[in-house]
Amino acid sequence: MDTILLVEDDKNQILLYEQEIAIEGYKVVTAMNGLEAIEKARNYKPDLVVMDINMPKMDGIESMCRILSEHRNIPIIINTAYSNYQNNFMTWSADAYIIKSSDLKELKDKIKELLIKKKRKDNEKTV
Amino acid sequence: MRKPFDHKLFKKVLVMLLAGGKGERLYPLTRDRAKPAVPFGGVYRIIDFTLSNCINSGLRKICVLTQYKSYSLDRHLRVGWNIFNSELDEFIENIPPQKRTSEMWYLGTADAVYQNIYVLERERPEMVLILAGDHIYKMDYSELINFHIENKADLTVPCIEVPLDDASRFGVVGIDKKHRIVDFEEKPSNPKPLPAKQNIALVSMGIYLFNTEVLVQRIIDNAKKDSNRDFGKNIIPTMIKKDHVLSFVFTDNKTNKAGYWRDIGTLDAYWEANIDLVKANPDFNLFDSAWPIRTYNKQYPPAQYLYGQEKKGMIRDSLISNGCIINDAFIERSVISPDVIIGSQSSAIGSVIMEGVRIGKNVTIQNAIIDKYVTIPDGMRIGYNVQEDEKQFTVTEKGIVVAYKEMHLI
């Protein structure tokens, strides 16, 4: 079962996302800020990260860069309510940038797509 | 023909000057300083040549990315190059690693830029000119920038023609008829010659002019791969496959031959490049008023030459800096930095003598590099007996004797 690290500071949104992602058949690990996300990424070695940007303690952009510097191959989806961070060069490190919506179809599709891509890449490496 | 100066254009270019090289092959000159801070040509530091190129080309937004042993370089930039006006949005900033994106030092040239992406974000330049802080050359970057814009390139790599035998030290470039780079090999063992000239190869000068967005995208892509994070080894070879990558051949406008460009890689190359300066009409002319090289120097009185009782003093084919006192000594083909005192009946031939060196009486020196603040006792001979010299000095392959900074001699 693939593990997804969900980074989000709003408790209600965590409940929603956690449920919806779990229904798709993934194991979900949650973190409530960027700092916690780095630690969880180390401990759980997730297959994919869904990352909010505006969070206390450490924001999603810095957290993403630090996670990537330790685990280069984890796909990261930025999931934020704001579109303007797309101009921020550091967010280009993410594999996808999704603007939060009540319809989670886009997020779910992206998760699926990126996990398939990652598996293909991993296979190429072992071959 | 040089194009009219376009101020707006030059505000769109940010320079990132990579000055983090350890310069291991220049040891012991790099014992106490980074390679770009190594003194050169009497009064300069190696980095002054690239910085002078920037201001002579109209580029005034410069970030110097430092890393190892940066104190000496930092001080030089602070006291010597604090000349830009921040109110006019001009700056020269020294940026040591911030460790914003990881806990690592810069892994390679591309990683140095990657770790400083936030600088690009703040400045939002249209183009980024990536320069190395350890080359000696004069180049008008405005010609490069105009070429890059006219040809709508994503990346333009300045290249220079070198003899085929030398080419394996560099990134060797293959181009098509429209200057497009179709082949790039970093330090190949069998470099390919130019189709038209069998004994000449085209090599990269380690300078890159990027469109900012392409640069950001490619260094981010690269950061996610296992690689050396190096422009020459990783980024350029990937980019020639998918982007519009052009070469810009660096030639001297006056002679139409390959321009003067030296990568001061070794002690022998360092010594040669210094001694090259003393000729009449040298290939690299410091006296070119159209291309002033600026630096920082302490204030010293004029150099003084004394003619003693023995009347043996003579100076020929040499560069002598301010503040020197040369007391009836014989100097030939040498570069003497400020504040050097040379005692009577001494001689220096083919030598590079740095600031604050004291040379006693009856000293004979040849083919040597004496770093700052070394005191050479009376009667000492340097550069005449390899076995003797090797006991206390570094001696290079070509027999150049090197004394490190503040070395205590016996």
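Residues numbered from 1 in each chain as written. Chains lettered and ligands numbered in written order. Predicted model: local features only at pLDDT ≥ 70, side-chain atom pairs only at ≥ 80, totals over all residues.

Draft legend 1. How the structure looks around the overall build of chain B. Regarding its fold elements, chain B presents 10 helices and 30 strands. Here the C-alpha coordinates of chain B stretch approximately 70 × 50 × 45 Å along the principal axes. Out of the 410 residues belonging to chain B, those deemed buried represent 44%. Sequence separation of 24 or more characterises 58% of the internal contacts of chain B that already satisfy a separation of 6 or more. (Helix = DSSP H or I, 4+ residues; strand = E, 2+ residues; numbered from the N terminus. Buried ≥ 20, exposed ≤ 12 C-beta atoms within 10 Å, placed from the backbone. Contact = placed C-beta atoms within 7 Å.)

Draft legend 2. Seen up close, the overall build of chain A. Along chain A, the regular secondary structure elements total four helices and five strands. When the helices and strands of chain A are read in sequence order from the N terminus, they spell out β-α-β-α-β-α-β-β-α. For chain A, the C-alpha radius of gyration of 14 Å lies close to 14 Å, the compact-globule estimate for 127 residues. In terms of overall dimensions, chain A has C-alpha extents of about 40 × 30 × 30 Å along its principal axes. A buried classification covers 35% of the 127 residues belonging to chain A. (Rg over C-alpha atoms; globule rule 2.2 N^0.38 Å.)

Draft legend 3. View of the pairing of strand 5 (residues 91-95) of chain B. Residue and element names in this part refer to chain B. Bridging between strand 4 (residues 61-66) and strand 5 involves five bridges; their strand directions are parallel. Bridge pairing links Lys 61 to Phe 91 in strand 5. Crossover strand 4 to strand 5 through helix 3 (residues 71-80) is right-handed. (Pairing = 2+ DSSP bridges. Right-handed = clockwise from strand over helix to strand, strands pointing away.)

Draft legend 4. Inspection of the confidence of the model for chain B at higher detail. In the predicted model, chain B carries a mean pLDDT of 90, and 98% of its residues have values of at least 70. Confidence estimates for the predicted assembly give a pTM of 0.87 and an ipTM of 0.73. (pLDDT = per-residue confidence, 0-100.)

Draft legend 5. Up close: the sheet that holds strand 28 (residues 381-382) of chain B. All names here are of chain B. Strand order in the open sheet made by the five strands is 16-19-22-25-28, with parallel pairing throughout. Either end of the sheet is taken by a strand with one partner, and the two such strands are strand 16 (314-316) and strand 28. As paired elements, strand 22 (residues 347-349) and strand 25 (residues 364-366) share three bridges and run parallel to each other. Bridging across to strand 25, Ala 348 finds its partner in Ile 365.

Draft legend 6. Inspection of the interface of chain B and chain A at higher detail. Between chain B and chain A, the residue contacts involve 13 residues of the former and 11 residues of the latter. Among the residues forming the side of chain B that touches chain A, the class breakdown is seven nonpolar, three polar and three charged. (Nonpolar A, V, L, I, M, F, W, Y, C, P; charged D, E, K, R; others polar.)

Draft legend 7. Summary view of the domain arrangement of chain B. Residue and element names in this part refer to chain B. Domain annotation for chain B reports domain 1 (7-276) and domain 2 (304-403). Taking only C-alpha atoms, the centre of domain 1 and the centre of domain 2 are 34 Å apart. Counting residues per element, the side of domain 1 that touches domain 2 draws most heavily on helix 9 (residues 267-276), which supplies five residues. Tallied by class, residues from the side of domain 1 that touches domain 2 come to seven nonpolar, three polar and one charged. (Domains from an automatic or database assignment.)

Draft legend 8. Looking closely at the nonpolar core. Ranked by internal contacts, the top residues of the largest apolar core, which has 145 residues, are Val 49 of chain A together with Val 15, Met 16, Leu 17, Leu 129 and Ile 130 of chain B. With seven residues, the top contributor of residues to this core is strand 1 (residues 13-19) of chain B. Mapping this core onto the domain boundaries places at least three of its residues in each of domain 1 (7-276) and domain 2 (304-403) of chain B. Apart from the residues lying within four places of it in its own chain, the contact partners of Leu 129 of chain B are Val 13, Val 15, Leu 59, Tyr 141 and Leu 209 of chain B. (Core = buried A, V, L, I, M, F, W, Y, C linked by C-beta atoms within 7 Å.)

Draft legend 9. Just the sheet that holds strand 27 (residues 375-376) of chain B, in detail. Residues and elements named next belong to chain B. The strand order across the open sheet formed by five strands is 15-18-21-24-27, and the pairing between neighbours is parallel. Each having just a single partner strand, strand 15 (304-306) and strand 27 make up the two edges of the open sheet. Strand direction decides the pairing type here: strand 21 (residues 341-342) and strand 24 (residues 358-359), joined by two bridges, are parallel. Note that in strand 24 the partner of Ile 342 across the bridge is Ile 359.

Draft legend 10. Structural context of helix 2 (residues 34-44) of chain A. Residues and elements named next belong to chain A. For helix 2, the complete set of buried residues consists of Gly 34, Ala 37, Ile 38, Lys 40 and Ala 41. On its buried face, helix 2 sits against strand 1 (3-7), strand 2 (27-31), strand 3 (48-51) and helix 3 (60-70). Lys 45 lies just past helix 2 and shows a positive phi near 45°.

Draft legend 11. Structural detail: the confidence of the model for chain A. The predicted model of chain A has a mean per-residue pLDDT of 89, with 98% of residues at 70 or higher. Predicted confidence in chain A is weakest over helix 4 (residues 105-126) of chain A, with a mean pLDDT of 85, and strongest over strand 3 of chain A, with 94.

Draft legend 12. Structural detail: helix 6 (residues 141-150) of chain B. Residues and elements named next belong to chain B. Turning to helix 6, its buried residues are Tyr 141, Ser 142, Leu 144, Ile 145 and His 148. Taken down its axis, helix 6 places every buried residue within 155° of arc, on the same side. One or two positions beyond helix 6, positive phi appears at Lys 152, with a value near 50°. (Arc of directions from axis to C-beta.)

Draft legend 13. A look at the packing of helix 7 (residues 212-223) of chain B against helix 8 (residues 231-242) of chain B. Residues and elements named next belong to chain B. Packing of helix 7 against helix 8 brings their axes to within 10 Å, and their N-to-C directions diverge by 120°. For helix 7 against helix 8, the interelement crossing comes out right-handed. Taken together, the residues of helix 8 that come into contact with helix 7 (itself represented by Arg 218, Ile 219 and Asn 222) are Asn 234, Ile 235, Thr 238 and Met 239. The residue inventory of the contact of helix 7 with helix 8, partitioned by class, reads three nonpolar, three polar and one charged. (Axes fitted to C-alpha atoms, helices over the stretch in contact; angles between N-to-C directions. Left-handed = near helix turned anticlockwise from the far one by under 90°.)

Draft legend 14. A look at the packing of helix 2 of chain A against helix 3 of chain A. All names here are of chain A. Orientation of helix 2 relative to helix 3, taken along the N-to-C sense of each, is 20°, at an axis distance of 8 Å. Accordingly, the angle class assigned to the pair helix 2 and helix 3 is roughly parallel. For helix 2 against helix 3, the interelement crossing comes out right-handed. Contact residues: Gly 34, Ala 37, Ile 38, Ala 41 and Arg 42 in helix 2; Gly 60, Glu 62, Ser 63, Arg 66, Ile 67 and Glu 70 in helix 3. Looking at the contact of helix 2 with helix 3, its residues break down into four nonpolar, three polar and four charged. (Parallel < 35°, antiparallel > 145°, perpendicular 65-115°, else oblique.)

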